[in-house]
Amino acid sequence: MPINDKEINCYLFDQLTILDDLQEVAEKENAQKTLKMIAKKRKQVERKLYQQPPLVQMQHE
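A few points on the structure. Not measured: the values here are computed from a predicted model.

Here Arg42 is to be found in helix α2 (residues 32-49). Accessibility expressed as a relative area gives 17% for Arg42, which makes it buried. For Arg42, the contacting residues outside a window of four places in its chain are Leu16, Leu19, Asp20 and Gln23.

Burial of nonpolar side chains together is a common tendency in soluble globular proteins. Counting 10 residues, the largest nonpolar core is built from Ile8, Leu12, Leu16, Leu19, Ala26, Ala31, Leu35, Ile38, Val45 and Leu49. Elements with a contribution of two residues or more to this core: α1 (5-28) and α2. Here this core takes 5 residues from α1, the largest share from any one element.

What counts and how
Residues numbered from 1 in each chain as written. Predicted model: local features only at pLDDT ≥ 70, side-chain atom pairs only at ≥ 80, totals over all residues. Heavy atoms only, no water. Helix = DSSP H or I, 4+ residues; strand = E, 2+ residues; numbered from the N terminus. Buried < 20%, exposed > 50% of the residue type's maximum accessible area, 1.4 Å probe, protein only. Contact = heavy atoms within 4.5 Å. Core = buried A, V, L, I, M, F, W, Y, C linked by side-chain atoms within 4.5 Å.

Following this line, the structure appears as structure tokens:
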């Protein structure tokens, strides 16, 4: 389990990379429902990645 900001950020950036790859395929296939779901998941990941205070501070309280 991640224990610091760097590990958590790496995990979240990996998720964004996966979403980028999926988005590329969905755009080529014109899969509109899939693109909407990818956008939703991207917002969720970015909310975790850029939240204030960081996740680690919240876990230790």
